[in-house]
Amino acid sequence: MTLIDRKLKLFASGLCGLWVSLGWQVAPGPAMTVTPADPTISLGQTQQFTASGARTPAGVSAGAFFTCVRLSDGTAQCTGRNQFGQLGNGDGTFTSSSVPVAVSGLTTATRVVAGAEHACALLGDSTVRCWGAGDSGQRGDGTFNNSSTVPVAVSGLTGAVSVVTGGYHTCALLGDGTMWCWGRNADGQLGDGTAGPQCVYTTGRCSPTPVRVGGITSPAAITAGGYHTCALLGDGTVWCWGRNGSGQLGDGTTTNSSSPVRAGGITGAVAVSGAFSHTCAVLGDGTVQCWGDNSEGQLGDGTVTSSATPVRAGGITGAVAVSGGYRHTCALLGDGTVQCWGRNLEGQLGDGTTTSSTTPVRVGGLTGAVAITAGQGGLHTCALLADGSVKCWGAVGAGNDVGQLGNGSTTGSATPVTMTGTAGAGVTWASSNTTVATIEATGLATGRGAGTTTITATDGSGASASTTLRVRDLVALSVIREGDGTGSVSSSPLGISCGTDCSEPYDRGTSVTLTPAPAARSTFDGWRGCDTVAGTTCTVTMGVARSVTATFSLQRFTLTVRKTGLGSGTVTSSPPGITCGSDCTEPYIIDTVVTLTATWNLPNVFMGWTGCDTVGSTGETCTVTMRAARSVTADFLGVPGL
């Protein structure tokens with residue numbers, strides 16, 4: 001089947017329609033992290049974890065039978081049909097997916113938009129990359145290759161600030177205010193009717209590289225429809241060019257134009273959306289006006305009469321955005337609700353029915369919407385909600401079983417369903433080993449057993465971040481120092497330095513060795529409470545809480561008194577200790593000054609001392625300062641015959 005035949009078949013089956021999402025987009029966010037990093041707690045303790053940078057949808061755009069979502073970290077995912085590689089995941093088998101798959105190589109996307117069968121991303125460096133179908137040059141890579149399963153660079157384009165995708169063409173707005181388009185140009189939709197060679201697969205001209213749009217400078221916004229393009233200018237007027245067979249240019253005619261023509265009567269516009277064969281604008285007063293094809297009520301004026309000039313969509317007030325699809329239109333209201341009108345045979349109006357409506361109906365159960373996108377040539381609609389979830393609806397019936405709603409099903413829905421991996425801004429928490437630690441939905445972990453576990457936070461998009469939690473089964477070892485001396489005790493493993501830190505928790509079962517270090521003028525005298533003692537070290541195995549005592553004493557030296565001579569007498573000491581007579585030795589604390597006093601028994605005579613530091617003036621006392629073991633002699637003379 002040729003590409004022309006394929007397009008005609010899609011159109012004949014009522015499944016061919018093209019639209020571009022201007023989409024709500026924000027700048028990429030940081031990568032997801034979990035804090036604190038690698039903490040340690042003890043058994044029974046808790047640890048609060050926090051996830052930051054959770055990856056959430058930041059933009060959504062619906063193409064023909066596929067949908068793309070840009071995530072807050074600058075990556076993108078797409079879901080649905082993939083016959084030309086429009087999912088961008090590098091799958092050479094072109095397999096469709098009913099859940100979002102990652103677009104290959106995108107890390108700094110600030111905007112992602114889906115066309116009929118291709119998609120493009122604006123990157124942080126102001127370049128553009130596109131993937132999917134390229135038969136009309138719509139990827140802008142200089143080729144007409146049918147497909148690309150991965151993003152390729154648009155040739156020569158730099159300085160872009162916005163990009164939009166149409167049916168088979170793409171346009172970009174540059175920072176200098178110029179507008180450039182590429183792809184199919186058979187109807188003048190590139191804004192230069194002579195641009196590009198003959199199309200390879202269809203009639204008319206196509207340009208596989210960007211060409212400048214004439215007559216448009218510094219537009220406030222741009223949009224691309226099925227085969228036409230429009231620009232919203234700063235003065236609130238709308239100018240369109242390209243195909244006009246249904247009056248979608250809005251100039252009152254049905255004549256194609258390769259240069260911009262003004263949409264009649266539109267002033268004060270604040271947003272514009274190009275659909276397959278119609279166009280809509282939001283005005284500053286919150287109303288919506290549409291023009292072009294109205295065969296299924298997509299203009300919203302209560303009729304099925306097409307109009308080459310704008311008509312008001314009935315009943316819409318407070319609109320902040322509008323999005324046109326194949327033959328339906330949706331408006332986002334300021335209260336976060338969405339109303340749609342037009343074709344509904346596939347449930348794309350979201351009201352729970354498959355009955356088309358020429359006037360707006362409310363999308364059932366949808367609140368908190370911040371952006372909308374009506375399928376680019378397909379038959380579905382999506383909305384991005386303030387909580388970061390993406391809801392899609394439509395695609396009911398035959399020919400829609402390609403997973404474009406992204407909820408894991410190939411069955412359509414006439415009411416919104418949540419796209420897989422976009423359940424909102426929250427994260428889920430998990431512990432890899434719940435015997436070590438459990439974790440609550442709030443991120444609060446509790447230590448259950450000794451060991452390590454991996455704590456993982458996963459956001460709604462499937463992005464995750466992890467850290468390691470160590471849980472210790474701790475028992476305390478305390479060291480008590482006693483005695484009149486001073487000293488310290490250290491441990492191996494480290495933890496106790498007593499001195500200053502005399503208690504430390506250790507993992508149950510740990511063998512701890514304690515080593516004493518007596519201070520100057522002190523001695524280590526011994527341990528109490530050890531399992532084993534080797535030399536001066538003490539070993540304790542920590543099965544339960546333990547207490548060990550280390551005794552330090554001030555140094556002590558022995559003073560010995562010897563009595564000589566034939567006489568008799570006694571020697572006493574101050575401080576007490578020696579009564580020599582009966583007790584002639586005594587240990588004294590270092591630097592103690594001991595005064596010895598000799599007392600003789602008459603008629604005996606005390607003759608004097610040897611070994612003293614000093615002797616008193618009367619000769620009866622001896623002073624000794626104890627810095628070592630000392631020996632002092634007291635000499636007593638006996639007087640015979642008296």
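Caption draft 1: Structural detail: the overall build of the protein. Across its full length, the protein holds 1 helix and 55 strands. In terms of overall dimensions, the protein is more spread out than a globule: its C-alpha atoms have a radius of gyration of 46 Å, far above the 26 Å expected for 642 residues. Considering only C-alpha atoms, the protein reaches an extent of 160 × 45 × 45 Å along its principal axes. Across the 642 residues that make up the protein, the buried fraction comes to 52%. In the protein, of all internal contacts separated by at least 6 residues, the share reaching a separation of at least 24 is 55%.

Caption draft 2: Local environment of unusual backbone geometry. Put simply, serine 492 and proline 493 share a cis peptide bond, and its omega is 0°. Structurally, the position occupied by proline 493 is in the loop between β39 (487-492) and β40 (497-498). Positive phi outside glycine occurs at alanine 395, with the angle close to 60°. With respect to the helices and strands, the residue alanine 395 is situated in the loop between β31 (390-394) and β32 (413-418). Exposure remark for alanine 395: the relative accessible area of 2% places this residue in the buried category.

Caption draft 3: Region of interest: the packing of aromatic side chains. A complete count under the given rule lists 9 aromatic pairs for this structure. Taken together, the ring pairs connect Tyr168, Tyr227, Phe276 and Tyr326 into an aromatic cluster. When the ring centre of tyrosine 227 is taken as reference, the NZ or CZ atom of arginine 243 above it lies at 3.8 Å.

Caption draft 4: Expanded view of the pattern of salt bridges. Summed over all chains, the structure comprises 16 salt bridges. Between arginine 139 and aspartate 141 there is a salt bridge; the shortest N-O distance is 3.5 Å. By relative accessible area, arginine 139 is classed as buried at 1%. One salt bridge in this structure joins arginine 546 and aspartate 531, with 2.8 Å as the shortest N-O distance. Note that arginine 546 is positioned in strand β46 (residues 546-554) and aspartate 531 in the loop between β43 (522-528) and β44 (532-534), a separation of 15 residues in sequence. Among the residues examined, aspartate 531 registers a relative accessible area of 40% and is labelled partly exposed. Beyond isolated ion pairs, a larger network of salt bridges with shared partners links Asp293, Glu296, Arg327, Arg343 and Glu346.

Caption draft 5: Structural detail: the nonpolar core. In this structure, Leu559, Val571, Ile578, Leu596, Trp609, Met626 and Val632 are the most contacted members of the largest nonpolar core, which totals 19 residues. Only β47 (556-564), β51 (593-600), β52 (605-610), β54 (621-625) and β55 (630-637) provide two or more residues apiece to this core. Filtering out sequence-adjacent residues up to four positions away, methionine 626 remains in contact with Phe557, Thr558, Leu559, Tyr588, Ile589, Ile590, Asp591, Thr592 and Val594. In terms of nonpolar packing, the next biggest core, distinct from the first, is built from 17 residues, Tyr506, Trp527, Cys538 and Val540 among them.

Caption draft 6: How the structure looks around the side chain of serine 553. Along the polypeptide, serine 553 turns up in strand β46. Discounting chain neighbours no more than four positions away, the residues touching serine 553 are Asp484, Gly485, Arg521, Ser522, Thr523 and Asp525.

Caption draft 7: Structural context of the sheet that holds strand β12 (residues 147-153). The strand order β9-β10-β11-β12 describes an open sheet built from 4 strands, whose pairing is antiparallel. Every interior strand has two partners, whereas the edge strands, β9 (109-114) and β12, have only one. Ignoring which end each strand starts from, the neighbouring axes of this sheet average 10° apart.

Caption draft 8: Representation of the state of the cysteines. Overall, the coordinates contain 12 disulfides when judged by the stated rule. The disulfide that involves cysteine 120 links it to cysteine 130, with 2.1 Å between the sulfurs. Its torsion about the S-S bond being 105°, the disulfide of cysteine 120 and cysteine 130 is classed as right-handed. Here cysteine 120, found in strand β10 (residues 118-123), pairs with cysteine 130, found in strand β11 (residues 128-133); they are 10 residues apart in sequence, far enough to count as distant. Of the two residues, cysteine 120 and cysteine 130, both sit in the buried class. Two residues, cysteine 330 and cysteine 340, share a disulfide whose sulfurs are 2.0 Å apart. One quick way to see it: the torsion about the S-S bond of cysteine 330 and cysteine 340 is about 110°, and its sign makes the bridge right-handed. You can see cysteine 330 sitting in strand β26 (residues 328-333) and its partner cysteine 340 sitting in strand β27 (residues 338-342), a full 10 residues away along the chain.

Caption draft 9: Layout of the sheet that holds strand β45 (residues 537-541). Across the sheet, which stays open at both edges, the 5 strands sit in the order β40-β39-β42-β45-β44 with antiparallel pairing between neighbours. The two strands at the open ends of the sheet, each matched to only one other strand, are β40 and β44. Here β39 runs beside strand β42 (residues 511-518); their pairing, made up of 6 bridges, is antiparallel. In the sheet register, serine 491 faces β42, and the bridge partner there is leucine 514.

Caption draft 10: Highlighting a nonpolar patch on the surface. A cluster of nonpolar side chains, namely Val605, Met607 and Leu637, defines an oily patch on the protein surface of about 250 Å² accessible area. Along the chain, valine 605 turns up in strand β52.

Caption draft 11: Inspection of the pairing of strand β35 (residues 444-447) at higher detail. Across 3 bridges, strand β3 (residues 46-48) lies against β35 in antiparallel orientation. When the bridges of β35 are listed, threonine 46 appears paired with threonine 446. When strand β34 (residues 437-439) meets β35, the two strands line up antiparallel, connected through 3 bridges. Of the residues in β35, the one forming a bridge with alanine 437 is glycine 447.

Caption draft 12: Local environment of the confidence of the model for the protein. On average, residues of the protein carry a pLDDT of 92, and 94% of them reach 70 or more. Confidence drops under pLDDT 50 across residues 1-27; counting only partners more than four residues distant or on other chains, this segment forms 108 contacts.

Caption draft 13: Representation of the environment of glutamine 48. Note on placement: glutamine 48 falls in strand β3. Spatially, the C-alpha atom of glutamine 48 lies 29 Å from that of threonine 75, the residues being 27 residues apart in sequence. Excluding residues that lie within four positions of it along the chain, glutamine 48 makes contacts with Thr35, Pro36, Thr442, Gly443 and Leu444. Among the polar contacts made by the side chain of glutamine 48, one reaches the main-chain carbonyl oxygen of threonine 442 at a distance of 2.9 Å.

Caption draft 14: How the structure looks around the environment of valine 632. Positionally, valine 632 belongs in strand β55. By relative accessible area, which is 0% here, valine 632 ends up buried. Through-space distance from the C-alpha of valine 632 to that of serine 464 is 84 Å; in sequence the pair is 168 residues apart.

Caption draft 15: The arrangement of the side chain of serine 277 in detail. By the secondary structure assignment, serine 277 is in the loop between β21 (269-274) and β22 (278-283). If sequence neighbours within four positions are ignored, serine 277 has contacts with Ser246, Gln248, Gly292 and Asp293.

What counts, and where the lines are drawn
Residues numbered from 1 in each chain as written. Predicted model: local features only at pLDDT ≥ 70, side-chain atom pairs only at ≥ 80, totals over all residues. Heavy atoms only, no water. Helix = DSSP H or I, 4+ residues; strand = E, 2+ residues; numbered from the N terminus. Rg over C-alpha atoms; globule rule 2.2 N^0.38 Å. Buried < 20%, exposed > 50% of the residue type's maximum accessible area, 1.4 Å probe, protein only. Contact = heavy atoms within 4.5 Å. Phe/Tyr/Trp six-rings, centres within 6.5 Å; stacked < 30°, edge-to-face > 60°. Lys NZ or Arg CZ within 6 Å of the ring centre and 35° of its normal. Salt bridge = Lys/Arg side-chain N within 4 Å of Asp/Glu carboxyl O. Core = buried A, V, L, I, M, F, W, Y, C linked by side-chain atoms within 4.5 Å. Pairing = 2+ DSSP bridges. Axes fitted to C-alpha atoms, helices over the stretch in contact; angles between N-to-C directions. Disulfide = S-S within 2.5 Å. Patch = residues over 30% accessible without salt bridge, like charges linked within 9 Å, V, L, I, M, F, W, Y side chains within 5 Å. Areas by Shrake-Rupley, 256 points an atom, 1.4 Å probe, with all protein chains shown as cover. pLDDT = per-residue confidence, 0-100. Polar contact = N/O pair within 3.5 Å; in protein donor to acceptor, adjacent residues only side chain to side chain.

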